[in-house]
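# Summary of structural features
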Amino acid sequence: MNEMTTVTKAGGANRPQPRAGVLDIAPYVPGKSKGTHGKTVHKLSSNETPLGTSAAAKAAIEAVAQNLELYPDGSSTELRAAIGEVYGVNPDRIICGAGSDEVLSMVAYAYLGPGDEAIYSEHGFLVYDIAIRAAGATPVIAPETDLTTDVDAILARVTERTRMVFVANPNNPTGTYLPFEEIRRLHAGLPSQVLLVLDAAYGEYVRRNDYESGIELAATAENVFMTRTFSKIYGLASLRIGWGFGPAHVIDALNRIRGPFNLSGMAIAAGVAAVKDREFIARSVEHNEKWLPWLTEELQKLGLKVTPSVCNFLLIHFPDEDGKRATDADAYLLERGCVLRLVGNYGLPNAIRMTVGSEEANRTVVAHLKDFLGKA
């Protein structure tokens, strides 16, 4: 019998231990779902769409529900074909995952290991840090300028150990974005062996002439990979559907580590229907275009600073005063059934992220904050 090595930790317990670094990972904590009384009136903590789900996607789910005993297509062929048709890209260069989180993790596991470094921005999506550390690599954080990704700060931190750069464009939780010329400048400044990962989870919401999601760059460069999600504008967060697009050699590597049947049959069918329902997407964009500026203006009237956003959420900054801080506002809103998102774990201890909700939800939050700040 082979000799087994045990590790003794404080307390004297002999048991299997995670490899070095795993217990240093801070678990991802999602936004709250309920108010302090256990009842949700307005949940605005997770950037979910207030328009629900496409009727076509619901019908597709019901159809698949008749045959739950069958395995789904392990390659998500129909979904990749539908995405390829809508976005004008080769389906063979698409990979699907259980949310873009899984796709981001797969790319980290495929290209990072002990001794490697990966860079992300100061207030970037927390999943990047988790994926980097889980792969055994070292995260390197680049400071931002005005809560916006700083290309020069990233490039200044590239070393011979750098293997990957994660950029959320636009970024969560700040809502800011980089014009695509800046993304191209970043790409041009990276060594060819460094993989640039562009996370465009909120790309469908952006209405700026100088913005691109990264599809063209991922289609033409050998070291650019773009990720997208069905969890936001498509209203399919519960089904966990994400996808990535990039060079054939990157897709090949990811498919070698992708779990079999990583998307359910319901997810595949709903995704196909949702990505083709352009009318639903148009209504979602129209709703956001109306209420994002309204919320910004109304919150600023209350004396609150709001970071300019191109997404379906806002980052609201509170005064550094006793009784008026973000944690106080969060407790006040929770008592009244309005669930927003504290972002202290993103290095923003005195800010709250608010999803653009329904008209009723938006007006209710503004009214409660008006009372909270004594502006009535």
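The name an unreviewed UniProt entry assigns to the chain is Histidinol-phosphate aminotransferase, from the organism Roseibium salinum. If you open the UniProt record of the chain and go to Subunit (unreviewed entry), you find "Homodimer." Quoted verbatim from the Catalytic activity (unreviewed entry) field of UniProt, the annotation for the chain is "L-histidinol phosphate + 2-oxoglutarate = 3-(imidazol-4-yl)-2-oxopropyl phosphate + L-glutamate".

### Here we look at the overall build of the chain
For the chain, the helix and strand inventory stands at twelve helices and 15 strands. Radius of gyration (C-alpha) of the chain: 22 Å, near the 21 Å computed for a compact globule of 376 residues. C-alpha extents for the chain along the principal axes are approximately 70 × 55 × 45 Å. The 376 residues of the chain split such that 52% are buried. By element, 51% of the accessible surface of the chain is carried by carbon and sulfur atoms, the whole surface being about 16900 Å².

### Structural notes on the sheet that holds strand 11 (residues 305-307)
The strand order across the open sheet formed by four strands is 11-12-15-14, and the pairing between neighbours is antiparallel. Lying at the two open borders of the sheet, with one neighbouring strand each, are strand 11 and strand 14 (341-343). In this sheet, adjacent strand axes meet at a mean angle of 35° when their direction is disregarded. The sheet contact formed by strand 12 (residues 313-317) and strand 15 (residues 348-355) spans five bridges and is antiparallel.

### A word on the packing of helix 3 (residues 99-111) against helix 4 (residues 126-134)
The N-to-C vectors of helix 3 and helix 4 enclose an angle of 35°; their axes lie 8 Å apart at closest approach. Here helix 3 runs over helix 4; the crossing is right-handed. Between helix 3 and helix 4, the residues in contact are Asp 101, Leu 104, Ser 105, Ala 108 and Tyr 109 and Val 127, Tyr 128, Ala 131 and Ala 134, respectively. Residue composition of the contact of helix 3 with helix 4, grouped by class: seven nonpolar, one polar and one charged.

### A word on helix 9 (residues 265-276)
Within an α-helix, residues lying three or four positions from one another point in the same direction, as the helix has 3.6 residues per turn. Its twelve residues give helix 9 an end-to-end C-alpha distance of 17 Å, which sits within 8% of 16 Å, the value for a rise of 1.5 Å per residue. When helix 9 is considered as a whole, its buried residues turn out to be Ala 267, Ile 268, Ala 269, Ala 270, Gly 271, Val 272, Ala 273, Ala 274 and Val 275. On its buried face, helix 9 sits against helix 1 (55-64), helix 2 (77-87) and helix 10 (278-301).

### Side note on the pairing of strand 12
In terms of residue burial, strand 12 counts as a mostly covered element, since five of its five residues are buried. In terms of strand pairing, strand 11 meets strand 12 through three bridges, oriented antiparallel. Within the sheet, the bridge partner assigned to Lys 305 lies in strand 12 and is His 317. Here strand 11 folds back onto strand 12, and the loop between the two strands holds five residues.

### Quick look at the UniProt feature "modified residue: N6-(pyridoxal phosphate)lysine" (unreviewed entry) in the chain
Per the UniProt record, "modified residue: N6-(pyridoxal phosphate)lysine" (unreviewed entry) is found at Lys 232. Relative to the elements of secondary structure, Lys 232 occurs in the loop between strand 9 (224-229) and strand 10 (242-245). If we skip the residues at most four places from it in the chain, Lys 232 touches Ser 46, Asn 47, Thr 49, Ala 201, Tyr 202 and Tyr 205.

### Section: the sheet that holds strand 7 (residues 162-168)
Pairing is mixed in the open sheet, where seven strands are placed in the order 4-10-9-8-7-5-6. On the outer flanks of this sheet lie strand 4 (94-97) and strand 6 (138-142), each paired with one strand and no other. On average, each strand axis in the sheet is inclined to that of its neighbour by 20°, with strand direction left out of account. Inspection of the sheet shows strand 8 (residues 195-199) paired to strand 9 by four bridges, in the parallel sense. Bridging from a neighbouring strand, Leu 196 pairs with Val 224 of strand 9. Here helix 6 (residues 180-189) sits on the sheet in contact with strand 7, strand 8 and strand 9, set at roughly 160° to strand 8.

### Here's the deal with helix 2
For helix 2, the set of buried residues is Leu 79, Arg 80, Ala 82, Ile 83, Gly 84 and Tyr 87. Those residues of helix 2 hidden inside the fold are in contact with strand 4, helix 7 (215-220), strand 9, strand 10 and helix 9. Once helix 2 ends, the next one or two residues include Gly 88, with phi positive near 70°.

### What to know about the environment of His 187
Mapped onto the secondary structure, His 187 falls in helix 6. Ignoring sequence-local partners within four residues, the contact set of His 187 consists of Leu 196, Leu 217, Ala 221, Asn 223 and Val 224. A polar side-chain atom of His 187 sits 2.7 Å from a polar atom in the side chain of Asn 223.

### Things to note about the pattern of salt bridges
All chains considered together, the criterion is met by 17 salt bridges. The partner of Arg 133 in a salt bridge is Asp 129, and the shortest N-O contact between them spans 2.8 Å. Here the residue Arg 133 and the residue Asp 129 both occupy positions in helix 4, the gap between them amounting to four residues, near one helical turn. Among the residues examined, Arg 133 registers a relative accessible area of 28% and is labelled partly exposed. Its salt-bridge partner being Lys 301, residue Glu 298 comes within 3.1 Å of it at the nearest N-O pair.

### Let's talk about the packing of helix 1 against helix 9
Close contact between helix 1 and helix 9 brings their axes to 8 Å; oriented N to C, the two are set at 150°. In terms of their interaxial angle, helix 1 and helix 9 are classed as roughly antiparallel. Read as a crossing pair, helix 1 and helix 9 show a hand that is right-handed. Across the interface between the two elements, Ala 56, Ala 57, Ala 60, Ile 61 and Val 64 of helix 1 pack against Gly 265, Met 266, Ala 269, Ala 270, Ala 273 and Ala 274 of helix 9.

So, how was this worked out
- Residues numbered from 1 in each chain as written.
- Predicted model: local features only at pLDDT ≥ 70, side-chain atom pairs only at ≥ 80, totals over all residues.
- Heavy atoms only, no water.
- UniProt positions renumbered as here; feature names shortened; annotations may be inferred.
- Helix = DSSP H or I, 4+ residues; strand = E, 2+ residues; numbered from the N terminus.
- Rg over C-alpha atoms; globule rule 2.2 N^0.38 Å.
- Buried < 20%, exposed > 50% of the residue type's maximum accessible area, 1.4 Å probe, protein only.
- Areas by Shrake-Rupley, 256 points an atom, 1.4 Å probe, with all protein chains shown as cover.
- Pairing = 2+ DSSP bridges.
- Axes fitted to C-alpha atoms, helices over the stretch in contact; angles between N-to-C directions.
- Left-handed = near helix turned anticlockwise from the far one by under 90°.
- Contact = heavy atoms within 4.5 Å.
- Nonpolar A, V, L, I, M, F, W, Y, C, P; charged D, E, K, R; others polar.
- Expected span 1.5 Å × (residues − 1).
- Polar contact = N/O pair within 3.5 Å; in protein donor to acceptor, adjacent residues only side chain to side chain.
- Salt bridge = Lys/Arg side-chain N within 4 Å of Asp/Glu carboxyl O.
- Parallel < 35°, antiparallel > 145°, perpendicular 65-115°, else oblique.

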